[in-house]
Structure formats: structure tokens, C-alpha cells
Amino acid sequence: MYQFSPSSTNDERLITSVTEAISQGITWIELQGDVSDHVYAEVEKECKKYGIILTLTDARQRLEEKKFHGVLIQVTDIYKIEEIRENLGGHPIIGVLFGRNDSKPNLNHLDIDYIAFDFENKKEALDFIGETGEKYRFPIVARGFDISSELSEELLKAGYNGICKRSRV
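All figures in this text were calculated on a predicted structure; none of them were measured in a lab.

Novice: I would appreciate a short explanation of the environment of aspartate 102 in the present structure.
Specialist: Mapped onto the elements of the fold, aspartate 102 is located in the loop between β5 (93-98) and β6 (114-118). Aspartate 102 gets classed as partly exposed once you look at its relative accessible area, which sits at 22%. With 77 residues separating them in the primary sequence, aspartate 102 and glycine 25 have C-alpha atoms 32 Å apart. When sequence neighbours within four positions are dropped, the list of residues in contact with aspartate 102 reads Val75 and Leu97.

This is how it looks when you write it as C-alpha cells:
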């Protein structure tokens, strides 16, 4: 699973980076929920056109639209999972995001689909999967900036189930 999570204050640059990522084979786009309506509409259209999964990291502003496949929430918001499922209807994809300093509670009893870990360097990523790889029954996604092909391969071999390449465009 390869995700792409762009971040930019320039709408056109953000749309272009998503289009380029799709042309390079990305199968999952993760947008910030507070992107402009223009960006959201363009990215949603491209994802629909190419069958790309679209999730949002903060979907509060877009819950009524329900034109995305799921959300990524902070580990501190896990108590909202049932409410999110109810608001989105059906079976949306729900991921839980861990940061470097977050505690690692037992999530196995929760109705979530994957875990994502934001890392800043290879050691952090490898330490996290080493500590948690056996603890959780969910796919675990490594989420970071400037992830090379070599690092992607190493992280997948270490036990991650997917890679989310974040980008500042």
C-alpha cells in the first residue's frame, strides 16, 4: 500500500502534486480536511476517475459530504471512532495516527482498519515497528517525509504493511 499525503498553502501546486503522484502509481491519497473547496473537489474528482482511495486527516469540516473513503485520527481521539462510523455511514476506513511521543495503548478491541506512525528518521521508524509490530493486529503504515525507494523497501521488510510519503509542495 502506497499513500501520498501532500501539504501546501498553494492550491494549484497541491493539485499538481496529487496528479503527479497518481501518474506514478500511488493508490491512496491522504488530504488534510481543511483544504480549500477547490482543492478538495479537484482531488476527489481525480481519485474517483482513477479508483484511488481518498482519506482525510481531519474530516470534521467534510463529514456531510461523505465523498471520501475514510479518516485518519490522532491516537488521542480514539474515543470518537463509533461516532465517526455513525456519521460517515457504511464502513469507512479509519486509521489511528501515532506520533513519536504518543503512548501506545492497546487498540485491538477497537473497530479501526490501520495504524499510521509519523517518523522523522529511520531509527524511529524501525524502533516503532520493533515495539509494536507484534502488539497490534492491524496493518501498520510508516508515514514520513522524503522516503526513498530504498528506505521504503527496508521498512516493508521490517514489518510495515504500507508507506505514506508526505510532501511539502
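Novice: Help me understand unusual backbone geometry in this model?
Specialist: A positive phi angle, close to 50 degrees, is found at aspartate 146, a residue other than glycine. Assignment of secondary structure puts aspartate 146 in the loop between β7 (140-145) and α5 (149-158). Of the residues examined, aspartate 146 reaches a relative accessible area of 69% and is grouped as exposed.

Novice: Would you mind going over the nonpolar core with me for this structure?
Specialist: Soluble, globular proteins show a tendency: their nonpolar side chains are buried together. Counting 45 residues, the largest nonpolar core has Ile29, Leu31, Phe98, Leu107, Ile112, Ile115 and Tyr160 as the members making the most contacts within it. Looking at this core element by element, the count peaks at five residues for helix α1 (residues 11-23). In contact with phenylalanine 98, other than residues within four places in its own chain, are Val75, Ser103, Lys104, Pro105, Leu107, Ile115, Ala116, Phe117, Asp118, Phe128 and Tyr136. Counting residues in hydrophobic clusters, the runner-up holds eight residues, among them Leu97, Ala116, Val141 and Cys164.

Novice: Just checking my understanding: could you explain the pattern of salt bridges for this structure?
Specialist: Following the criterion strictly, the structure yields nine salt bridges and no others. A salt bridge links lysine 80 to aspartate 77; the nearest nitrogen and oxygen atoms lie 3.7 Å apart. Put simply, Glu30, Asp118, Arg143 and Arg166 are held in one network by salt bridges that share partners.

Novice: Hey, could you run me through the pairing of strand β2 (residues 28-31) in this one?
Specialist: Strand residues, when the strand is regular, have side chains that alternate between the two faces of the sheet. Neither face of β2 is left uncovered, since the one carrying Trp28 and Glu30 and the one carrying Ile29 and Leu31 both have all their residues buried. A crossover connection joins strand β1 (residues 2-7) to the parallel β2 through α1; in handedness this β-α-β unit is right-handed. Summarising the sheet, β2 and strand β3 (residues 53-56) pair through four bridges and their orientation is parallel. The partner of glutamate 30 across the bridge, within β3, is threonine 55.

Basis of the calculations
Residues numbered from 1 in each chain as written. Predicted model: local features only at pLDDT ≥ 70, side-chain atom pairs only at ≥ 80, totals over all residues. Heavy atoms only, no water. Helix = DSSP H or I, 4+ residues; strand = E, 2+ residues; numbered from the N terminus. Buried < 20%, exposed > 50% of the residue type's maximum accessible area, 1.4 Å probe, protein only. Contact = heavy atoms within 4.5 Å. Core = buried A, V, L, I, M, F, W, Y, C linked by side-chain atoms within 4.5 Å. Salt bridge = Lys/Arg side-chain N within 4 Å of Asp/Glu carboxyl O. Right-handed = clockwise from strand over helix to strand, strands pointing away. Pairing = 2+ DSSP bridges.

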